[in-house]
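Read off the chains here:
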Amino acid sequence: MSSPVPDTLLGPADVRELAAALGVRPTKQRGQNFVIDANTVRRIVRTAEVRPDDVVVEVGPGLGSLTLALLETADRVTAVEIDDVLAGALPATVAARLPERAGRFALVHSDAMRVTGLPGPAPTALVANLPYNVAVPVLLHMLETFPSIERTLVMVQAEVADRLAAGPGSKVYGVPSVKANWYAEVKRAGSIGRTVFWPAPNVDSGLVSLVRRAEPLQTTASRREVFAVVDAAFAQRRKTLRAALAGWAGSAAAAEAALVGAGVSPQARGEALTVEEFARIAEHKRSLAAGQEK
């Protein structure tokens, strides 16, 4: 009889042992909460629908709990880690626990917000346990920078998950909801309890699935122009759009003209609009400005 193969994934004792050996103490500043449950990381990989031909990018791999689970399934995994100690240790962890897959792992020691390129083939999927304090900007940066990412599954604070997946009319619908929807179809994909983390956070976590639009949003406005409307609309979300967009448009009258041209009521509020409607407002502001220049 052959001896049983030890589990390649990290359990609670493994995580604490690795952290102690490295002198690592999870910090609130970087939102570090390490996953210590192998069933949870396998569930994340399943929910993300990671395939054997996927090139996965992971942000904030920490000690490698999710990294190892991804490497078991994906063709390649590239992890982006900002922490000096964690970045230095992860390749050794991968080599020790999944030696036959180590050649399919790459580490980028950098701030994810500054990453503009990755080694190897273009990523097809983003799967990550994102630090709570930077989850939305990191997610949006990665989607913008790497258009080859077709599918994304991120674990974030439950409230952030709700905001990302919210639709027009929801109380939590806002800037993250609209901007995420610019890139993808977004939905909640499950909840994660606190006990699977070390240290256990004071908040619940949620999974969010983002499937990139097969065709980009049909608009003549640029992403920057559309996002400027979104930011202005929600900066003063209690105000009507006529008032909230006055600064962005140059005056309340100009804002009303752009809104009417886009088929949006000047008395509406940002929380009622789809990303397509925000794009139309941006288009009409541009066309009105062009008309004035003539």
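Residues numbered from 1 in each chain as written. Predicted model: local features only at pLDDT ≥ 70, side-chain atom pairs only at ≥ 80, totals over all residues. Heavy atoms only, no water.

Focus on the overall build of the protein
And then number 1: Broken down by element type, the protein carries 12 helices and 9 strands.
And then number 2: The principal-axis extent of the C-alpha atoms belonging to the protein is close to 80 × 40 × 35 Å.
And then number 3: Within the span of the protein, comprising 294 residues, buried residues form 48% of the whole.
And then number 4: Long-range pairs, those at least 24 residues apart, make up 71% of the contacts in the protein with a sequence separation of at least 6.
And then number 5: Each charge sign in the protein was given a centre, from 33 positive and 30 negative side chains, and these centres are 5 Å apart. (Helix = DSSP H or I, 4+ residues; strand = E, 2+ residues; numbered from the N terminus. Buried < 20%, exposed > 50% of the residue type's maximum accessible area, 1.4 Å probe, protein only. Contact = heavy atoms within 4.5 Å. Lys, Arg positive; Asp, Glu negative; His and termini not counted. Charge placed at Lys NZ, Arg CZ, Asp CG, Glu CD.)

Some remarks on the pattern of salt bridges
And then number 1: Under the definition given, this model contains 16 salt bridges.
And then number 2: Ionic pairing is found between Arg-151 and Asp-54, a salt bridge with its closest N-O pair at 2.6 Å. Taken together, the residues span a long stretch of sequence, with Arg-151 in strand S6 (residues 151–157) and Asp-54 in the loop between helix H2 (38–47) and strand S2 (55–59) at a distance of 97 residues. Across the pair, exposure class does not vary: Arg-151 and Asp-54 are buried alike. (Salt bridge = Lys/Arg side-chain N within 4 Å of Asp/Glu carboxyl O.)

Notes on helix H4 (residues 84–97)
And then number 1: Between the first and last C-alpha of H4 there are 21 Å, a value that for 14 residues agrees with the 20 Å anticipated at 1.5 Å per step.
And then number 2: The largest bend along H4 measures about 30 degrees and falls at Leu-90, with the proline Pro-91 one to four residues further on.
And then number 3: Buried within H4 are the following residues: Leu-86, Ala-87, Ala-89, Leu-90, Thr-93 and Val-94.
And then number 4: Here the buried face of H4 lies against helix H1 (12–22), strand S1 (34–35), helix H3 (65–73), strand S3 (76–81) and strand S4 (105–109).
And then number 5: With a side-chain oxygen lying 3.0 Å from the backbone nitrogen of Val-85, the N-terminal cap of H4 falls on Asp-83. (Expected span 1.5 Å × (residues − 1). Bend = angle between axes of the 7 residues up to and from the residue. Polar contact = N/O pair within 3.5 Å; in protein donor to acceptor, adjacent residues only side chain to side chain.)

Focus on helix H11 (residues 252–261)
And then number 1: Looking only at H11, the buried set comprises Ala-255, Ala-258 and Leu-259. Along the axis of H11, the buried positions cluster into a sector of 100 degrees, meaning they face one direction only.
And then number 2: Of the residues trailing H11, Gly-263 is marked for its positive phi of about 80 degrees. (Arc of directions from axis to C-beta.)

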